[in-house]
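Spelled out, the chains give:
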Amino acid sequence: MVTSSAPSETPIIPLSEALKQMARVTVLGAGAWGTALARLALSNGNQVQIWSRRGPSDLKSAVADADIVVSAISMKGVSALASQLQTAALKTSTILVTATKGLDPETTRTPSKIFRDTFPDNPIVVLSGPNLSKEIEAQLPAATVVASTDVDAAARVQQVYSSEMFRIYTSPDPVGAELGGTLKNVIAIAVGVCDGLKLGSNAKAALITRAIPEMLRVGVHMGAQVETFYGLSGLGDLLATCDGTLSRNYRVGYGLAQGKKLDDILAELGSTAEGVNTAHVLIDMANRDGIPVPIARQVHRLLRGVITPQEAVGNLMERQLKPEACDLRAKN
Ligand SMILES: NC(=O)C1=CN([C@@H]2O[C@H](COP(=O)(O)OP(=O)(O)OC[C@H]3O[C@@H](n4cnc5c(N)ncnc54)[C@H](OP(=O)(O)O)[C@@H]3O)[C@@H](O)[C@H]2O)C=CC1
Ligand SMILES: O=C(CO)COP(=O)(O)O
């Protein structure tokens, strides 16, 4: 458990005001992102606890007094965690923030949808953006988005997390914000393959640019707003994650291009690469609902070992010729 009191230097705002604004924050998940999010809240003078399934504290007491609960666990645990939280009798005033970037394998739901379905009366906020945790931990400047249909809840989380090094924007589109962060992981795998095969800057620019209409098609299908994908949680996160070796998803693609086995790459990473699961869920949904996702489809086939990295490139380059215009209802 990490606890802090308000900063000791002379406050710019009166102490009574600062204490009023301070929040009790419980972060669920002690992985790379949960730890970084706990530190950020702590360094802003909030009272912070981290809960982990391996830790000593039980979930019920960890969330009992929290103003804000931040879920930063891997996608595979979100559904079960939501059920556990339900039995922990979360207060309806507690703001639930989700920072996970994935899709539920059983239901294709995003984490915010899972929390919305489980906690219809709680404010739900998505935190998503170009936030590679190693850079955040190194206190390099970064920006992110807190998105919610509850404007006050988003503003509260913005106020609790904003600092000189972490600039936060609000958004009214939680589904768009979390889908940007989720779908770019599949593209980062593709870009890792592109770099691993040394295909050059032209190929990489083409891949990232063509990924945008693909992400938009899925996003619009799932109820997101188009503009969100051109912001920090969409394009911003796509660029950060496709930039290189700090991204675990990129490293999955890079390793596959070098002929490594997926299991070996994941074992070597030792932490979550959500794009692998997302690719499977996305292709199930795309097949079911007829959404064209050519890049994700090649990533999926590569992850399943059905094609080689070189075949994936050939399959993308030799697709039917067509105009560039991004038609969100495109058939291929
Ligand atoms: N790292 C980053 O730069 C960023 C990550 N994210 C997203 O945050 C999420 C977590 O990533 P990250 O922290 O990096 O991953 P890590 O692999 O470092 O940590 C994963 C965390 O999830 C927990 N967890 C896994 N399965 C379960 C489960 N079934 N029940 C409860 N807890 C579980 C793990 O607990 P245990 O240790 O007990 O296994 C661990 O605390 C991912 O969706 C990722 O995409 C978002 C932005 C930035
Ligand atoms: O989402 C992230 C950065 O915003 C982290 O990316 P990786 O999961 O690929 O490391």
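The rules behind these values
- Counting restarts for each chain, with residues numbered from 1 along the sequence as it is written.
- Here chains are named by letter from A upward and ligands by number from 1 upward, in the order in which they appear as written.
- Side-chain atom pairs in this predicted model are given and counted only at pLDDT of 80 or more, local residue features only at pLDDT of at least 70, and totals for whole chains, interfaces and linings cover all residues.
- Hydrogens are left out, water is left out, and the side-chain values use all remaining heavy atoms of the structure.
- We define a nonpolar core as any set of buried Ala, Val, Leu, Ile, Met, Phe, Trp, Tyr and Cys residues linked to one another through side-chain atoms lying within 4.5 Å.
- Relative accessibility under 20% of the residue-type maximum defines a buried residue, over 50% an exposed one, and the middle range a partly exposed one, all with a 1.4 Å probe and only protein chains included.
- We count a stretch as a helix when DSSP gives it H or I for four or more residues in a row; a strand needs E for two or more, and each element gets its number in order from the N terminus.
- Only heavy atoms matter for contacts: two residues are in contact if any of them lie within 4.5 Å across the pair.
- Fitted lines through C-alpha atoms give the axes, limited to the stretch in contact for helices. The angle between two N-to-C directions lies from 0 to 180 degrees.
- The scheme is simple: roughly parallel for angles under 35 degrees, roughly antiparallel for over 145, roughly perpendicular for 65 to 115, oblique for anything else.
- Each crossing is labelled by how the near helix is turned from the far one, with a counterclockwise turn of less than a right angle marking it left-handed and a clockwise turn marking it right-handed.
- Gly falls in the polar group here, along with every residue not listed as nonpolar (Ala, Val, Leu, Ile, Met, Phe, Trp, Tyr, Cys, Pro) or charged (Asp, Glu, Lys, Arg).
- UniProt positions are given in the numbering used here, feature names are shortened, and annotations may be inferred rather than shown by experiment.
- Pairing of aromatic rings covers Phe, Tyr and Trp, the last through its six-membered ring, and needs centres within 6.5 Å; plane angles under 30 degrees mean stacked, over 60 mean edge-to-face, and all others mean tilted.
- On a range of 0 to 100, pLDDT expresses the predictor's confidence in each residue.

Before going further, it helps to examine the nonpolar core. In this structure, Ile187, Val252 and Leu303 are the most contacted members of the largest nonpolar core, which totals 47 residues. At the level of secondary structure, the elements contributing two or more residues to this core comprise α8 (174-196), α9 (200-221), α11 (248-257), α12 (262-269), α13 (275-289) and α14 (294-303). Looking at which element gives the most residues to this core, the answer is α8, with 10 residues. In contact with Leu303, not counting residues within four places along its chain, are Ile189, Val252, Leu256, Leu262, Gly275, Val276 and Ala279.

Turning next to the packing of helix α4 (residues 78-87) against helix α5 (residues 111-118). Their axes nearest at 10 Å, the elements α4 and α5 cross at an angle of 25°. Relative to α5, the element α4 is oriented roughly parallel. α5 is crossed by α4, and the crossing has right-handed handedness. Taking contact as the criterion, the partners of Val78, Ser79, Ala82, Leu85 and Gln86 in α4 are, on α5, Pro111, Ile114, Phe115 and Thr118. Classifying every residue of the contact of α4 with α5 by side-chain character gives six nonpolar, three polar and no charged.

Attention shifts here to the UniProt feature "binding site: sn-glycerol 3-phosphate" (unreviewed entry) in the protein. Taking the UniProt record as the reference, the feature "binding site: sn-glycerol 3-phosphate" (unreviewed entry) is found at Lys101, Gly129, Lys184, Asp237, Ser247, Arg248 and Asn249. Residue position: Gly129 is located in the loop between β5 (124-128) and α6 (133-137). Its relative accessible area of 0% is what places Gly129 among the buried residues. Aside from chain neighbours lying at most four places away, what touches Gly129 is Lys101, Thr144, Leu232, Ser233 and Asp237.

Moving on: the packing of aromatic side chains. In this structure the tally under the stated criterion is one aromatic pair. Considering the side-chain rings of Tyr250 and Tyr254, the 6.0 Å spacing of their centres and the 25° angle between planes classify their relative orientation as stacked. Highlighted residues: Tyr250 and Tyr254, both in helix α11, separated by four residues, approximately one helical turn. For Tyr250, a relative accessible area of 5% gives the class buried.

Moving on, we come to unusual backbone geometry. Of note, the phi angle at Gln139 is positive, near 60°, even though the residue is not glycine. As for its placement among the helices and strands, Gln139 is situated in the loop between α6 and β6 (142-147). Residue Gln139 is classed as exposed on the basis of its relative accessible area, which comes to 61%. Of note, the phi angle at Lys198 is positive, near 55°, even though the residue is not glycine. Mapped onto the elements of the fold, Lys198 is located in the loop between α8 and α9.

Taken together, the buried positions of helix α15 (residues 309-317) are occupied by Pro309, Ala312 and Gly314. Residues of α15 that are buried sit in contact with α8, α11 and α14.

Across the protein, the average pLDDT comes to 94, with 92% of residues at or above 70. Model confidence for the protein, summarised as mean pLDDT per element, is weakest for helix α1 (residues 15-21) at 56 and strongest for β5 at 99. The low-confidence segment residues 1-7 (pLDDT under 50) makes 16 contacts with residues lying over four places distant or belonging to another chain. Note on the complex model: pTM 0.94, ipTM 0.98.

With that settled, the discussion passes to the UniProt feature "binding site: NADPH" (unreviewed entry) in the protein. Here the UniProt feature "binding site: NADPH" (unreviewed entry) sits at Trp33, Arg53, Arg54, Lys101, Ser133, Arg248 and Glu274. The named residues occupy 242 residues along the chain; their greatest pairwise C-alpha distance, 23.0 Å, places them well apart from one another. On the accessibility criterion, Arg53 (68% relative accessible area) is exposed. Locating Lys101 in the fold gives a position in the loop between β4 (95-98) and α5. Once residues within four sequence positions are removed from consideration, Lys101 is found in contact with Ser128, Gly129, Gly181, Thr182, Lys184, Asn185, Asp237, Glu274 and Thr278.

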